[in-house]
Amino acid sequence: MGGPSPAAGGPEESGRVPELDPAVRAALPALDPDALQQFFDRYFDRVYGYVRRLVRSDHLAEDLTQDVFLHVHRSLPNYDPERPLAPWVFTIAANKVRDHWRSRRAQEDRRVVSIDEDTAPMLADEGAGPSGELSAGERTDAIAQAVADLPEMLQQTFVLRYYEELSFADIGRIVDRNETAVRKRYSRALAELRAALTADD
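Analysis parameters
- Residues numbered from 1 in each chain as written.
- Predicted model: local features only at pLDDT ≥ 70, side-chain atom pairs only at ≥ 80, totals over all residues.
- Heavy atoms only, no water.
- Helix = DSSP H or I, 4+ residues; strand = E, 2+ residues; numbered from the N terminus.
- Buried < 20%, exposed > 50% of the residue type's maximum accessible area, 1.4 Å probe, protein only.
- Contact = heavy atoms within 4.5 Å.
- Areas by Shrake-Rupley, 256 points an atom, 1.4 Å probe, with all protein chains shown as cover.
- Core = buried A, V, L, I, M, F, W, Y, C linked by side-chain atoms within 4.5 Å.
- Expected span 1.5 Å × (residues − 1).
- Phe/Tyr/Trp six-rings, centres within 6.5 Å; stacked < 30°, edge-to-face > 60°.
- Lys NZ or Arg CZ within 6 Å of the ring centre and 35° of its normal.
- Bend = angle between axes of the 7 residues up to and from the residue.
- Polar contact = N/O pair within 3.5 Å; in protein donor to acceptor, adjacent residues only side chain to side chain.

Chemist: Account for the overall build of the protein, with residues named and values stated.
Modeler: Within the protein, the secondary structure is distributed over eight helices and zero strands. For the protein, the succession of helices and strands along the chain, N to C, is α-α-α-α-α-α-α-α. Across the 201 residues in the protein, those meeting the buried criterion constitute 44%. Summarising the internal contacts of the protein: among those between residues at least 6 apart in sequence, 76% fall at separations of at least 24. About 10200 Å² of surface is accessible on the protein, with carbon and sulfur atoms providing 48% of the total.

Chemist: Please set out the nonpolar core residue by residue, giving values where relevant.
Modeler: Judged by nonpolar contacts, the single largest core of 52 residues is most densely connected at Phe 39, Tyr 50, Leu 85 and Phe 158. Taken together, the elements giving at least two residues each to this core come down to α2 (33-55), α3 (58-75), α4 (85-105), α5 (136-149), α6 (152-163), α7 (168-175) and α8 (179-198). Non-local contacts of Phe 39, meaning those with residues more than four positions away in its chain, are made with Leu 20, Leu 28, Phe 69, Val 72, Leu 85 and Val 89.

Chemist: Mind laying out α6, listing which residues take part and the relevant values?
Modeler: Here α6 is 12 residues long and its end C-alpha atoms lie 16 Å apart, about the 16 Å a rise of 1.5 Å per residue gives. Taken across its 12 residues, α6 has 12 buried, putting it largely inside the fold. Within α6, burial applies to Glu 152, Met 153, Leu 154, Gln 155, Gln 156, Thr 157, Phe 158, Val 159, Leu 160, Arg 161, Tyr 162 and Tyr 163. Note on α6: the residue one or two positions beyond its end, Glu 165, has a positive phi of about 60°.

Chemist: Which residues make up the environment of Ile 174, and what are the values?
Modeler: Here Ile 174 shows up in helix α7. For Ile 174, a relative accessible area of 2% puts it in the buried group.

Chemist: Account for the packing of aromatic side chains, with residues named and values stated.
Modeler: With the rule as written, the count across this model stands at 12 aromatic pairs. Note on Tyr 50 and Phe 90: the rings are 5.4 Å apart at their centroids and 90° apart in plane angle, and the pair reads as edge-to-face. Residue Tyr 50 is found in helix α2, and its partner Phe 90 is found in helix α4; the two are separated by 40 residues along the sequence. Judged by relative accessible area, which is 0%, Phe 90 ranks as buried. One aromatic cluster in this structure is built from Phe 39, Phe 40, Tyr 43, Phe 44 and Phe 69. Directly above the aromatic system of Tyr 163 lies the positively charged group of Arg 53, at a separation of 3.8 Å from the ring centroid. One cation-aromatic arrangement involves Arg 161 over Phe 168; the distance from NZ or CZ to the ring centre is 4.1 Å.

Chemist: If you had to explain α2 to someone new, which residues and values would you point to?
Modeler: Every α-helix carries 3.6 residues per turn, so stepping three or four residues along brings you back to the same face. Between its terminal C-alpha atoms α2 stretches 31 Å, which fits the 33 Å expected from 23 residues at 1.5 Å a residue. A maximum bend of about 35° is found in α2 at Tyr 43. Taken together, the buried positions of α2 are Ala 35, Leu 36, Phe 39, Tyr 43, Phe 44, Arg 46, Val 47, Gly 49, Tyr 50, Val 51, Leu 54 and Val 55. The distance from a side-chain oxygen at the start of α2 to the backbone nitrogen of Asp 34 is 3.1 Å, and the residue carrying that oxygen is Asp 32. Arg 56, located one to two residues past α2, shows a positive phi value of around 55°.

Written out as structure tokens, the structure reads:
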């Protein structure tokens, strides 16, 4: 994967990319062209990467990302510039992905598990990564597949936390769960990833 091992702790900011300048955010509701360009430059690749990791299809990720930014553009006149952008944008993206999953479930079954139970397994060492003893190249492919095989909400939580480095509080707002539930989801995701990646050892 090339990055640090995922941990239950870590950054508690709104994300790994700094927020836009307050003056730029203040200009967004008026759809100021310069502000929109800065917003697009800052967020397009992030949103595409998030969606692509969840749907694992370039074409579908492109379509969904376009839908996200069309929705954002329509919603910007009502955006409160005092609110951080990352949770707001990723909430829209998460909803688009969930809509896609719901549509797909109308045609095919998808694995459904309970992921917020108090009995969900917690990790003995949450600071270690899920990558096991694989080589760098094998680890990249294996983790990508293991993440794709996670149940939907574990998948979203893991991607938002590990790749986007959003805080647990922000992820909770995005997925409409409290912070404790989000931490459990992330721990459960790590546990399932480690189990998948060490199954053949």
